[in-house]
Amino acid sequence: MKMNDEFSVLAQFLENLGPEVSGHASAPLSDEHAAMIEKFAEGRLSAEERDSLLPEILGNEKALHELVKRLKSQG
């Protein structure tokens, strides 16, 4: 599966989580986190960087929405 296909599947999955993730923290995104999410969506993070970023994204509703938005803009 190509990287873009993987991101499309991930974006679809995250989009479908919508109501269920609303209980997660919604702390504002730092500029650093926003930049890391952008790099993640573009496929420019190493596996180690992705592994460290994913728990933060999954624990923050705003980060999830930002990731979905950026993944959609890639497609």
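How each quantity is defined
- Residues numbered from 1 in each chain as written.
- Predicted model: local features only at pLDDT ≥ 70, side-chain atom pairs only at ≥ 80, totals over all residues.
- Heavy atoms only, no water.
- Helix = DSSP H or I, 4+ residues; strand = E, 2+ residues; numbered from the N terminus.
- Buried < 20%, exposed > 50% of the residue type's maximum accessible area, 1.4 Å probe, protein only.
- Contact = heavy atoms within 4.5 Å.
- Expected span 1.5 Å × (residues − 1).
- Polar contact = N/O pair within 3.5 Å; in protein donor to acceptor, adjacent residues only side chain to side chain.
- Axes fitted to C-alpha atoms, helices over the stretch in contact; angles between N-to-C directions.
- Parallel < 35°, antiparallel > 145°, perpendicular 65-115°, else oblique.
- Nonpolar A, V, L, I, M, F, W, Y, C, P; charged D, E, K, R; others polar.
- Left-handed = near helix turned anticlockwise from the far one by under 90°.

## A word on the overall build of the chain
The number of helices and strands found in the chain is four helices and zero strands. Start at the N end of the chain and walk to the C end: the helices and strands fall as α-α-α-α. Here the chain holds 75 residues, and 25% of them are scored as buried. Taking the contacts inside the chain whose residues are at least 6 apart along the sequence as the reference set, 72% of them involve residues at least 24 apart.

## Looking at helix α4 (residues 61–74)
Here α4 spans 20 Å end to end across 14 residues, near enough to the 20 Å set by a 1.5 Å rise per residue. The complete set of buried residues in α4 reads E61, A63, L64, E66, L67, V68 and L71. The backbone nitrogen of K62 lies 2.8 Å from a side-chain oxygen of the residue at the head of α4, namely N60.

## Observations regarding the packing of helix α3 (residues 47–58) against α4
Running from N to C, α3 and α4 point in directions that differ by 115°, and their axes come no closer than 6 Å. With respect to α4, the axis of α3 lies roughly perpendicular. For the pair α3 and α4, the contacting residues are E56, I57 and L58 in the first and A63, L64 and L67 in the second. Taken together, the residues of the contact of α3 with α4 sort by class into five nonpolar, no polar and one charged.

## Digging into the environment of F40
Assignment of secondary structure puts F40 in helix α2 (residues 31–41). Each C-alpha atom, one on F40 and one on L53, is 8.7 Å from the other, the two residues being 13 residues apart in sequence.

## Observations concerning the packing of α2 against α3
The N-to-C vectors of α2 and α3 enclose an angle of 120°; their axes lie 11 Å apart at closest approach. Taken together, α2 and α3 sit at an angle that is classed as oblique. Where α2 crosses over α3, the handedness of that crossing is left-handed. On α3, the residues touching H33, M36, I37 and F40 of α2 are E49, R50, L53, L54, E56 and I57. Tallied by class, the residues present in the contact of α2 with α3 amount to six nonpolar, one polar and three charged.

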